[in-house]
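Chain residues, written in single-letter form:
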Amino acid sequence: MKKFTKTLAMVTAVVIAAMALTACGAQKKDETAGKSTDAAQTSTETKTIKFGTNAEFPPFEFVSNKGGVIGEFDGIDMAMAKQIAEDNGMKAEINNMEFDSLLVALQNGQLDAVIAGMTVTDERKEAVDFSEPYYTATQVMIVKNDSPITKASDMADKKIAVIQGYTGETVVKDMGYKYEAFKKGTDAIMELMNGKTDVVVIDKATAEKYIKDNDGIKAVEDSEAFEDEKYAVAVAKGNTELLNKINKSIEKMIADGTVNELAAKYAVAED
Ligand code: ARG
């Protein structure tokens, strides 16, 4: 019996590893039914909006793990992307890539739009155009429950972790503190859990997800140090045709409560 259990555990481990590989390999995949290959893209065919995201940012975008099946891109932004496409009689295609690569991919035409919990900043506005904002966010500090950190300036002599290319990195840099930048939020959280770092600076809604998933950590806010941020969809500079479509859809989703509903739903959803 013991042996059987062990074998079963091993089989399960292999299956999970295989699924994890599938998830990693799933760099590109259609969100809505019906693939649009180049050959099939005729004038009678429904047009596709190529969205780019970085599915490492729950509750806005993550690779779902529903019923043990890994693979679907899910989250607030993913639902919005689908709706934006639908509102315009188009299909949404989701391209998953590193956060740092998103705006470059938009600029070189590889993507039509970026929906990635992306904060509007003056620097980014020089490179791309942003839609109407759809969500207000702020940075928070994730610390161990017994941490002495109660405000941003308490980080001065602490080990700080940020995520590469996120506004959290810019904010900490501007405060003049030293930090280490990680590729993924989960990597930074692991460092915190292992005691190798003292604080992780990241967007609040994502922080809340990590706190829900890990024992012994909490969020510390400092509204004087961390300003409000606005998330918006980005398109290539001058692509007003697509931007107008996106804006109409976003305005509708804000007015009819869709955005609020999605935010509430995914705040509690399992990812
Ligand atoms: N709001 C932050 C920023 O714009 C973090 C966004 C991270 N998004 C993601 N999909 N990984 O820099």
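Look above for the structure.
Please read all numbers here as calculations on a predicted model, not as lab measurements.

Draft legend 1. Fine view of unusual backbone geometry. Pro59 follows Pro58 through a cis peptide bond whose omega is 5°. Tracing the backbone through its elements, the reader meets Pro59 in the loop between β3 (56–57) and β4 (61–66).

Draft legend 2. Main features of the site of the ligand. The immediate surroundings of the ligand are formed by 14 residues, with Asn54, Ala116, Arg124, Tyr166 and Asp203 found nearest. The separation between an oxygen atom of the ligand and a polar main-chain atom of Thr167 is 2.8 Å. Within the side chain of Asp203, one N or O atom sits 2.7 Å away from a nitrogen atom of the ligand. Starting from 350 Å² of accessible surface for the ligand in isolation, the protein chains cover 100%. Judged by its atoms lying within 2 Å of the grid points, the ligand is housed in the largest cavity. Taken together, the residues that form the shell around the ligand break down as six nonpolar, five polar and three charged.

Draft legend 3. View of empty space enclosed by the protein. Evaluation of the coordinates by the stated rule reveals two cavities of 30 Å³ or more. Reported here for the largest cavity is a volume of approximately 90 Å³. Residues that form the lining of the largest cavity fall into these classes: five nonpolar, four polar and three charged.

Draft legend 4. Structural view of the pattern of salt bridges. Enumeration according to the criterion identifies nine salt bridges in this entry. Among the salt bridges present, the one from Lys125 reaches Asp122, with a minimum N-O distance of 4.0 Å. Pair noted here: Lys125 and Asp122 are both in helix α4 (residues 122–127), with a separation of three residues, about one helical turn. Across the salt bridge formed by Lys158 and Asp157, the nearest N and O atoms sit 3.3 Å from each other. Take Lys158: its relative accessible area is 24%, and that puts it in the partly exposed class.

Draft legend 5. Broad picture of the pairing of strand β6 (residues 91–96). Within β6, six of the six residues are buried, which leaves it mostly tucked inside the rest of the structure. Both faces of β6 are covered, namely the face carrying Lys91, Glu93 and Asn95 and the face carrying Ala92, Ile94 and Asn96. In this structure, strand β2 (residues 48–53) lies alongside β6, joined through six bridges in parallel fashion. Considered in β6, the bridge of Gly52 is made with Asn95.

Draft legend 6. Just the packing of helix α2 (residues 76–87) against helix α9 (residues 258–268), in detail. At their nearest, the axes of α2 and α9 sit 9 Å apart, and the two run at 145° to each other. When the axes of α2 and α9 are compared, the crossing they make is right-handed. Facing α2, whose interface residues are Ile76, Ala79 and Met80, α9 presents Val259, Leu262, Ala263 and Tyr266. Of the residues belonging to the contact of α2 with α9, the class tally is seven nonpolar, no polar and no charged.

Draft legend 7. Seen up close, helix α5 (residues 167–174). Inspection of α5 places Thr167, Gly168, Glu169, Val171 and Val172 among the buried residues, and these make up the whole buried set. The inward-facing, buried residues of α5 abut α4, β10 (139–144), β11 (160–163), β12 (180–182), β13 (199–203) and β15 (229–231). Residue Gly176 follows α5 closely and has a positive phi angle near 85°.

Draft legend 8. Just the layout of surface pockets, in detail. One number sums up the size of the second largest pocket: a volume of about 740 Å³. Looking at the lining of the second largest pocket, the element that brings in the most residues is α5, giving six residues. Taken together, the residues of the lining of the second largest pocket sort by class into 12 nonpolar, six polar and 12 charged.

Draft legend 9. Geometry of the nonpolar core. Ranked by size, the top nonpolar core spans 62 residues in total, and within it Phe51, Met80, Val114 and Ile142 carry the most contacts. With six residues, α2 is the largest single contributor of residues to this core. Sequence-distant contacts of Met80, that is, excluding residues within four places in its chain, are made with Ile115, Tyr134, Ile250, Met253, Val259 and Leu262. Counting 14 residues, the second largest nonpolar core, distinct from the first, contains Val143, Ile149, Ile160 and Val162.

Draft legend 10. Inspection of the sheet that holds β13 at higher detail. Strand order in the open sheet formed by five strands is β12-β11-β13-β10-β14, and the pairing between neighbours is mixed. The outermost strands of the open sheet, each flanked by one partner alone, are β12 and β14 (217–220). Direction aside, the axes of adjacent strands within the sheet are offset by 30° on average. The pairing of β11 with β13 spans two bridges and is parallel. Bridging from a neighbouring strand, Ile160 pairs with Val199 of β13.

About the thresholds
- Residues numbered from 1 in each chain as written.
- Predicted model: local features only at pLDDT ≥ 70, side-chain atom pairs only at ≥ 80, totals over all residues.
- Heavy atoms only, no water.
- Helix = DSSP H or I, 4+ residues; strand = E, 2+ residues; numbered from the N terminus.
- Near = heavy atom within 4 Å.
- Polar contact = N/O pair within 3.5 Å; in protein donor to acceptor, adjacent residues only side chain to side chain.
- Areas by Shrake-Rupley, 256 points an atom, 1.4 Å probe, with all protein chains shown as cover.
- 1 Å grid on protein atoms, 1.4 Å probe; cavity = no way out; pocket = protein on both sides within 12 Å on 5 of 7 lines; lining within 4 Å.
- Sits in = over half its atoms within 2 Å of the grid points.
- Nonpolar A, V, L, I, M, F, W, Y, C, P; charged D, E, K, R; others polar.
- Points joined across faces, edges and corners; volume = space filled by probe spheres on them.
- Salt bridge = Lys/Arg side-chain N within 4 Å of Asp/Glu carboxyl O.
- Buried < 20%, exposed > 50% of the residue type's maximum accessible area, 1.4 Å probe, protein only.
- Pairing = 2+ DSSP bridges.
- Axes fitted to C-alpha atoms, helices over the stretch in contact; angles between N-to-C directions.
- Left-handed = near helix turned anticlockwise from the far one by under 90°.
- Contact = heavy atoms within 4.5 Å.
- Core = buried A, V, L, I, M, F, W, Y, C linked by side-chain atoms within 4.5 Å.

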